[in-house]
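# An overview of the molecular structure
So you can see what is in the structure, the chains are spelled out below.
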Amino acid sequence: EAQLLESGGGLVQPGGSLRLSCAASGFTFRDYAMTWVRQAPGKGLEWVSSIGGSGGDIYYGDSVKGRFTISRDNSQNILYLQMNSLRAEDTALYYCAKMSRYVVGATYNWFDPWGQGTLVTVSS
Amino acid sequence: DIQLTQSPSFLSASVGDRVTITCRASQDISNFLAWYQQKPGKAPKVLIYAASSLQSGVPSRFSGSGSGTEFTLTISSLQPEDFATYYCQQVNYYPLTFGGGTEVEIK
């Protein structure tokens, strides 16, 4: 059974940095694209970034482009999200999820499963 | 960017009721749509992919239909455990986008 476990969240000041990790198990990690999705308190879901199985194809949402960097270590089965220049509006629960395809740009690329999330709070 | 508009945003229904949630896309997305269920305090879970394909393990009372710009998620007979928020997502055009969600309350 595929499982994902996020870590690395916490309280950070505006302008600060944080690196999230997502440890994967129960599936062949390198064979699937992976993604980050966030959910602000009491709000809906917002896609953040996705990375292909090889790490070669990467997409970002406009709200994080230039500030966040997604990466993966296929030898350790870990997905990362480096978050720089954090703003109050980045406060959210951050989920990682496995995508259904190897390539980010493939069709029918839904998210399953999702991790339990890690909370990022940006506040002074 | 493709906008997804869900309606209603909130609904209250009784156990056994048939419930329908609509998701409208701002442009033609063929059948590149997924539906997710999120229970309070939990991560989302995929119910439907490719607009109408039931994910393995999901009860058959859930079904999806539609193509192009209009899609529906139907729960044929609402159960107490279906209390949750439901989101549609277009899964083919970047940036990927979600609908605003539909909260389902059990009367």
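Not measured: the values here are computed from a predicted model.

Below, the discussion takes up unusual backbone geometry. A cis amide bond, omega 0°, links A:Asp112 with the succeeding residue A:Pro113. Following the sequence through the fold, A:Pro113 ends up in strand E10 (residues 111–114). Here the residue pair B:Tyr94 and B:Pro95 is connected by a cis peptide bond, since its omega of 5° sits within 30 degrees of zero. Structurally, the position occupied by B:Pro95 is in the loop between strand E9 (84–90) and strand E10 (97–98). Positive phi, normally seen in glycine, also occurs at A:Ser85, with a value near 50°. Counting through the fold element by element, A:Ser85 comes out in the loop between strand E8 (78–83) and strand E9 (92–99). In this model, B:Ser30 sits at a positive phi of 55°, which is unusual for a non-glycine residue.

Our focus in this paragraph is the interface of chain B and chain A. Taken together, the contacts link 21 residues of chain B with 23 residues of chain A. Together chain B and chain A conceal approximately 1,800 Å² of surface at their shared face, both sides included; 65% is due to carbon and sulfur atoms. Sorting the residues of chain B by area buried against chain A places B:Pro44, B:Tyr94 and B:Phe98 first, and these three jointly supply 31% of that buried surface. Across the chain B-chain A interface, the total number found is zero salt bridges.

Rules used in this analysis
Residues numbered from 1 in each chain as written. Chains lettered and ligands numbered in written order. Predicted model: local features only at pLDDT ≥ 70, side-chain atom pairs only at ≥ 80, totals over all residues. Heavy atoms only, no water. Helix = DSSP H or I, 4+ residues; strand = E, 2+ residues; numbered from the N terminus. Contact = heavy atoms within 4.5 Å. Buried area = accessible area lost by both parts, 1.4 Å probe. Salt bridge = Lys/Arg side-chain N within 4 Å of Asp/Glu carboxyl O.

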